[in-house]
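Observations on chain architecture
For reference, the chains in residue letters:
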Amino acid sequence: MGFKYCAEGHLMDPSWKYCPVCLAPLAGWLLALNEDGKANKFFTIHEGKSFIGSGADCEIRILKMGLARQQAYITIIDGLCTIVDLGNGSGLKVNNMETSRTNLIDGDLIEFGSAVFKIKLI
């Protein structure tokens, strides 16, 4: 049995016509920042739980940035955004402070090792 991916890169069952992740309401974006602090790529974040990592099973799949297969997850429910480090990689920093779990607000900086992101919430 082959694999099927939606336009956003989410792994889907071959029999599905629509991606269940993409059908969830859009909640914001995770912006990958370069060394100058400018966004060079973005990843959509939908309401609910979204795993972040390099694995095919992650809703936010980020390749070539040194992330673990499942690095962390973001949960957005009723406007409250939380990030949780899964302990599989280089750790988590939010606004230059090490943490394993914290609430996020629009504009927070998220670091996994040398990979830096900014969260933009709707």
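Residues numbered from 1 in each chain as written. Predicted model: local features only at pLDDT ≥ 70, side-chain atom pairs only at ≥ 80, totals over all residues. Heavy atoms only, no water.

1. A few points about the side chain of Gln71
Operational definition: Helical segments are the DSSP runs of H or I of at least four residues, strand segments are the runs of E of at least two, and each set is numbered from the N terminus. Accessibility here uses a 1.4 Å probe with only protein chains present; expressed as a share of the type maximum, an area under 20% marks a residue as buried, one over 50% as exposed, and anything in between as partly exposed.
Relative to the helices and strands, Gln71 resides in the loop between strand 6 (60-61) and strand 7 (72-77). A residue is classified by how much of its surface remains accessible, and Gln71, at 0% relative accessible area, is buried.

2. Considerations on the side chain of Gln70
To keep things clear, this is the line we draw: Polar contact criterion, stated in full: a pair of N or O atoms within 3.5 Å, where within protein one must be able to donate a hydrogen and the other to accept it, and residues adjacent in sequence count only if both atoms are side-chain atoms. Whether two residues touch is decided by their heavy atoms; if any such pair falls within 4.5 Å, the residues are in contact.
By the secondary structure assignment, Gln70 is in the loop between strand 6 and strand 7. At 3.0 Å, the side chain of Gln70 forms a polar contact with the side chain of Asp57. Setting aside residues up to four positions removed in sequence, Gln70 forms contacts with Phe51, Ile52, Asp57, Cys58, Leu86 and Asn88.

3. Brief notes about the layout of surface pockets
Test applied: In the cavity and pocket records, a cavity denotes points on a 1 Å grid over the protein atoms alone where a 1.4 Å probe fits but cannot get out, a pocket denotes an open set with protein on both sides within 12 Å along at least 5 of 7 lines, and lining residues are residues with an atom within 4 Å of a point. Grid points are joined across faces, edges and corners, and a volume is the space filled by probe spheres set on the points. Residue polarity is assigned by list, with Asp, Glu, Lys and Arg as charged and Ala, Val, Leu, Ile, Met, Phe, Trp, Tyr, Cys and Pro as nonpolar; anything else, Gly included, falls into the polar class.
Computed from the structure, the largest pocket encloses a volume of approximately 220 Å³. Counting residues per element, the ones that place at least two in the lining of the largest pocket are strand 4 (39-46) and strand 6. Considering each element in turn, the lining of the largest pocket owes the most residues, four residues, to strand 4. In terms of residue class, the lining of the largest pocket is built from six nonpolar, three polar and four charged.

4. Details of the pairing of strand 13 (residues 115-121)
Threshold: DSSP calls a pair of strands paired once it identifies at least 2 bridges connecting them.
Pairing analysis gives six bridges linking strand 3 (residues 26-33) to strand 13, with the strands arranged antiparallel. Bridge pairing in strand 13 places Trp29 opposite Lys120. Taken together, the four bridges between strand 12 (residues 109-112) and strand 13 define a ladder with antiparallel strand orientation. Within strand 13, the position partnered with Leu109 by the bridge is Lys118.

5. A closer look at the sheet that holds strand 13
This is how it is decided: Throughout, an axis means a line fitted to C-alpha atoms (over the contacting stretch in the case of helices), and angles, computed between N-to-C directions, take values from 0 to 180 degrees.
With antiparallel pairing, the six strands of this open sheet are ordered in space as 4-3-13-12-9-10. Looking at which strands have only one partner, the edges of the open sheet turn out to be strand 4 and strand 10 (97-99). On average, each strand axis in the sheet is tilted by 30° relative to the strand beside it, whichever way the strands run.

6. A word on the sheet that holds strand 8 (residues 80-85)
Strand order in the open sheet formed by five strands is 6-5-7-8-11, with mixed pairing between adjacent strands. Each edge of the open sheet is held by one strand with a lone partner, namely strand 6 and strand 11 (101-104).

7. Points about the nonpolar core
Here is the rule we go by: Put simply, a nonpolar core is a bunch of buried Ala, Val, Leu, Ile, Met, Phe, Trp, Tyr and Cys residues held in one set by side-chain atoms that sit within 4.5 Å of each other.
Of all hydrophobic cores here, the largest spans 22 residues; its most connected members are Leu30, Ile52, Ile74, Ile83, Ile110, Phe112 and Phe117. Once you skip the residues sitting within four places of it in the chain, Ile74 turns out to touch Ile45, Gly48, Lys49, Ser50, Ile52, Cys81, Thr82, Ile83, Leu104 and Ile119.

8. Some thoughts on the environment of Ala115
For Ala115, the location among the structural elements is in strand 13. For Ala115, a relative accessible area of 3% puts it in the buried group. With 94 residues separating them in the primary sequence, Ala115 and Val21 have C-alpha atoms 24 Å apart. When sequence neighbours within four positions are dropped, the list of residues in contact with Ala115 reads Met65, Leu67 and Ile110.

9. Describing the packing of aromatic side chains
Applicable threshold: Between rings of Phe, Tyr and Trp, where Trp is taken as its six-membered ring, a pair exists when centres lie within 6.5 Å; planes separated by under 30 degrees are stacked, by over 60 edge-to-face, and by other angles tilted. Our definition puts a charge over a ring when NZ of Lys or CZ of Arg is within 6 Å of the ring centre and also within 35 degrees of the ring normal.
Per the stated rule, a full pass over the model turns up two aromatic pairs. The interplanar angle of 55° and the centroid separation of 5.5 Å between the aromatic rings of Phe51 and Tyr73 together place this pair among those described as tilted. Highlighted residues: Phe51 in strand 5 (residues 48-53) and Tyr73 in strand 7, separated in sequence by 22 residues. Each member of the pair Phe51 and Tyr73 is classed as buried. Looking at Lys49, its charged tip hangs above the ring of Tyr73, at a distance of 4.3 Å from the centre.

In short, the description is geometric, and any link to function would need to be established separately.
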